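These are the residues of each chain, in order.
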Amino acid sequence: MNDPTWVSILPPLLAIGLAIASRQVFLSLAGGLWLGWSILHNWNFGSGLMRTVESTAEVFGDTGNAMVIMFTLVMGALIATISASGGVTGFVTALERRKWVTGGRGAQLLAWVIGVIIFIESNLTVLVAGSVSRPLFDRYRRSREKLAYVIDSTSAPICILIPLNAWGAYNLRLLAESGVPEGDTLGIFARSILFNFYAFAAVLLVLAVILFKLDWGPMKRAEARAAKGEVLWPDSTPMMDEGVLAPEEEAPIPARAANMIVPIVVLVAMMPVVLWLTRTEVRQFGNGSMAVLCASLAGLAAAWILLLLQKAYKVDDLVRIALRGAGGLVPLAVILMLALALGGVTRELGTGDYVAGLARDVLSPAVFLPLVFVVSAAIAFSIGSSWGTFGIMIPIIVPAAAGLDLDLAPFLAAALSGGIFGDHCSPISDTTIISSMAAATDHVDHVRTQLPYALVGAVVATVCFAAVGVFL
């Protein structure tokens, strides 16, 4: 749309509202997508439906999108293979034997530590932390909603604080394209880290929740349910097929922690290697989508090699296990496909531009700085993408800060913080969806239990940005 209006926010709002009210994520995303294309076709719902089908198929035409969806299926294969190898059981047993994890608090701290130290890519963080910690949460009767909150709060908030990963590379490129000299981009991004209040608030708040058992609202009820031995609510639907989590038969070899640790170490180590190998003039820090996919394939290959060397399974068995695992994550792949398609129609509608335009005339730094945070959050919540929000907001705040003769770093931080917060809360965010999947919990339950904590972090961030704005 050449001149986006309030109508442009209807499709994401419909998807979000339906997801919360009906708990049917697939139909909610499809409904928002259908409405978006119908609006673009002059409210012709027949043409909108045809374009909905076409645009969903076009998601695979983008190499990055296709690799993210392939990564999801490969991770399903890897999780199933590690589970069938007895690796998770061996790792959990090793932790308990060494008394590193002896209760629910230790299980939560383990998930938090993994989320902090694996900072290369957010989806990788949640999948590794979820796969390792989920058996411990179940054993010590901690809710899977709490696990989803812990891993979601230490994925994107940690990744955005590190300049030398796929997130940093993307934002450095956006700064350069917005007029910041190439030599200044890294320095500005590094200084903005100090002002990224929501990211710090999210990471530290979840640590406080673990240490001091700060459970309230829906999370408190979920924890009380889990304490009774009830893994999920009776009407809940976990985002991952439980068949992926439990092998069809016992591993034919002793449970060894190495069968889980080695594939994950290979997976994590391959990320920076592939990022380095895929560097170009456009992508100075490499291709993040390619790195994630290649790293997950390397982890799967390492798991297969280990099991073949131990004569645990034949190749035919490993193929069967991998396909079963990939099949278990097909629902997630479909949701990602629909979420990516919905992101495409919101760009066509100019949803982000419309929301961002509401703040362009506000000039006082004490108001403008927190407003950048709020507007970024609204965009990210509406489109379900922090990266999409960065792409909208950074080209706006760079000239705005220059026109006001103000330091760009706090404004960049406000845009990045807002994008993380909105993405953290949005039911249509891929990071939120994958966190639900990695924890094997109901997606709407995850959104409901996490939201109160995210709002606390947002209030802290808003106050901090207002205080910084006073002194600019």
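The present account deals with the structure reproduced in this document. This structure is a prediction, so every number in the text was calculated from the model and none was measured.

Thresholds, definitions, all that
- Residues numbered from 1 in each chain as written.
- Predicted model: local features only at pLDDT ≥ 70, side-chain atom pairs only at ≥ 80, totals over all residues.
- Heavy atoms only, no water.
- Phe/Tyr/Trp six-rings, centres within 6.5 Å; stacked < 30°, edge-to-face > 60°.
- Helix = DSSP H or I, 4+ residues; strand = E, 2+ residues; numbered from the N terminus.
- Buried < 20%, exposed > 50% of the residue type's maximum accessible area, 1.4 Å probe, protein only.
- Axes fitted to C-alpha atoms, helices over the stretch in contact; angles between N-to-C directions.
- Parallel < 35°, antiparallel > 145°, perpendicular 65-115°, else oblique.
- Left-handed = near helix turned anticlockwise from the far one by under 90°.
- Contact = heavy atoms within 4.5 Å.
- Nonpolar A, V, L, I, M, F, W, Y, C, P; charged D, E, K, R; others polar.
- Salt bridge = Lys/Arg side-chain N within 4 Å of Asp/Glu carboxyl O.

What follows deals with the packing of aromatic side chains. Here the structure, examined in full by the defined rule, presents 8 aromatic pairs. Judged by centre distance (6.1 Å) and plane angle (85°), the ring pair of Trp34 and Phe45 falls under edge-to-face. Remark: Phe45 occurs in helix α3 (residues 45–58) and Trp34 occurs in helix α2 (residues 25–40); sequence separation between them is 11 residues. Its relative accessible area of 35% is what places Trp34 among the partly exposed residues. Note on Trp216 and Tyr453: the rings are 4.3 Å apart at their centroids and 40° apart in plane angle, and the pair reads as tilted. Taken as a pair, Trp216 in the loop between α12 (197–212) and α13 (217–227) and Tyr453 in helix α24 (residues 443–470) lie far apart in primary sequence, 237 residues in all.

Our next topic: the packing of helix α22 (residues 408–425) against α24. Helices that pack against each other are described as a pair by the angle of their axes relative to one another and the distance between those axes. At a minimum axis separation of 9 Å, α22 and α24 run at an interaxial angle of 165°. Here α22 lies roughly antiparallel to α24, going by the angle between them. With respect to the hand of their crossing, α22 and α24 are arranged in left-handed fashion. Residues Pro410, Ala413, Ala414, Ser417, Phe421, His424 and Cys425 of α22 form the contact with α24, whose participating residues are Val447, Gln450, Leu451, Ala454, Leu455, Ala458, Phe465 and Val468. Broken down by class, the residue content of the contact of α22 with α24 amounts to 12 nonpolar, 3 polar and no charged.

If you walk through the whole model with that rule in mind, you get 8 salt bridges. A salt bridge links Glu223 to Arg142, with the nearest nitrogen and oxygen atoms 4.0 Å apart. Of this pair, Glu223 sits in helix α13 while Arg142 is found in the loop between α7 (122–139) and α8 (144–153), placing the two residues 81 residues apart along the sequence. On the accessibility criterion, Glu223 (10% relative accessible area) is buried. Overall, Arg142 belongs to the partly exposed group, its relative accessible area being 23%. A salt bridge links Lys146 to Asp215; the shortest N-O distance between them is 3.0 Å. On the criterion of sequence distance, the pair formed by Lys146 in helix α8 and Asp215 in the loop between α12 and α13 is long-range, its members being 69 residues apart. Residue Lys146 shares its accessibility class with Asp215, and that shared class is buried.

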